[in-house]
Amino acid sequence: MNWFWEQFNEKGTWLFRMMWLQLLWMAFTLLGAVLFGFFPATISLFSIIRKWIRGDTEIDIFRTFAAAFKESFVRSNLIGLLFMAIGLFLAVDLYISQTYLGNAIVHIGILICTLLYTLTVLFFFPTYVHYELKTFTYVNQAFLLILVRPLQSLLILCSALIMLMIVYVVPFLGILFAGPMLAFPIMWLGNRVFQNLERTAVIEGMRARELQKEELAVTHK
């Protein structure tokens, strides 16, 4: 019986945290009049989830969220405006290609660019909360990551589509958990990519040092 209540309490706590995070995400998005609130609020959402994934579950959610929102407001909106401009450009291109051109090769090319754009946007949020980079370098880094890790990038896209389908089928869940539901699998997969890259970098660094030692040993002989 005690085990049951412990599990019930733990699951209830996490449900409350997710609902509270959803509420903050919506409130801060509206605080920025949606257009200037969405990107910093989503960055803040991902920063909280990243901490949870990495085991830091006892954080003050509101203070951490508000601090991340304030810190990322200008830079994330600059990047957000860039993404919106590119997205609008691609949407217009798709419309023109489908309506007026009728060229299959051109249309497929635009669709591939749209896929790469979508993957870059999805990978941008985990990249932003994980790395400390110059403002527009985050876009380059996210784009490079989808090229280096195409399988994980497609998994991120699939996870986002699955979550959107769930929200579409069960709108009530969308009201309560849409933001965290979308962000959690994306951040989890992104975190796995970052850990693998960091592990590979450490191994390569160790190998480089071993080669240097061997070269020094040969030189001294």
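Residues numbered from 1 in each chain as written. Predicted model: local features only at pLDDT ≥ 70, side-chain atom pairs only at ≥ 80, totals over all residues. Heavy atoms only, no water.

K.L.:
I'm lost on unusual backbone geometry in this one. Help?
P.N.:
Phi is mostly negative for residues that are not glycine, and the peptide bonds are mostly trans. Phi is positive for Ala33, close to 55 degrees, though the residue is something other than glycine. Of note, Ala33 is situated in the loop between α1 (2–31) and α2 (38–53). Given a relative accessible area of 56%, Ala33 falls into the exposed group. For Val34, which is not a glycine, the phi torsion comes out positive at approximately 65 degrees. In this fold, Val34 is placed in the loop between α1 and α2. (Helix = DSSP H or I, 4+ residues; strand = E, 2+ residues; numbered from the N terminus. Buried < 20%, exposed > 50% of the residue type's maximum accessible area, 1.4 Å probe, protein only.)

K.L.:
Explanation requested: the confidence of the model for the protein chain in the structure shown.
P.N.:
As a note on interpretation, predicted positions should not be read in detail where pLDDT is low. Confidence along the protein chain averages 88 in pLDDT terms, with 87% of residues attaining 70 or more. Here helix α7 (residues 171–220) is the element of the protein chain with the lowest mean pLDDT, 78, and α2 is the one with the highest, 96. (pLDDT = per-residue confidence, 0-100.)

K.L.:
Just to check I follow, could you spell out the packing of α2 against helix α3 (residues 61–101) for this structure?
P.N.:
If you want to describe how two helices pack, look at the angle between their axes and the distance between the axes. Relative to each other, α2 and α3 sit at 130 degrees, their axes nearing to 6 Å. Comparing the axis directions of α2 and α3 gives the class oblique. Of the two elements, α2 crosses α3, and the hand of that crossing is right-handed. Residue-level contacts link Phe39, Pro40, Ala41, Ile43, Ser44, Leu45, Ser47, Ile48, Lys51 and Trp52 of α2 to Ile61, Thr64, Phe65, Ala68, Phe69, Ser72, Phe73, Ser76, Asn77, Gly80 and Phe83 of α3. Split into classes, the residues belonging to the contact of α2 with α3 amount to 13 nonpolar, 7 polar and 1 charged. (Axes fitted to C-alpha atoms, helices over the stretch in contact; angles between N-to-C directions. Parallel < 35°, antiparallel > 145°, perpendicular 65-115°, else oblique. Left-handed = near helix turned anticlockwise from the far one by under 90°. Contact = heavy atoms within 4.5 Å. Nonpolar A, V, L, I, M, F, W, Y, C, P; charged D, E, K, R; others polar.)

K.L.:
What am I meant to see in the packing of aromatic side chains here?
P.N.:
Each aromatic ring pair is characterised by the separation of its centres together with the angle its planes make. The final tally for this structure, using the stated rule, is 20 aromatic pairs. For the pair Trp20 and Phe62, a centre-to-centre distance of 6.5 Å together with 25 degrees between the ring planes defines the contact as stacked. Of this pair, Trp20 sits in helix α1 while Phe62 sits in helix α3, and the two are 42 residues apart along the sequence. Looking at Phe62, the relative accessible area reads 41%, which means it is partly exposed. Between Phe69 and Phe73 the ring centres are 5.6 Å apart and the planes differ by 55 degrees, which places this aromatic pair in the tilted class. (Phe/Tyr/Trp six-rings, centres within 6.5 Å; stacked < 30°, edge-to-face > 60°.)

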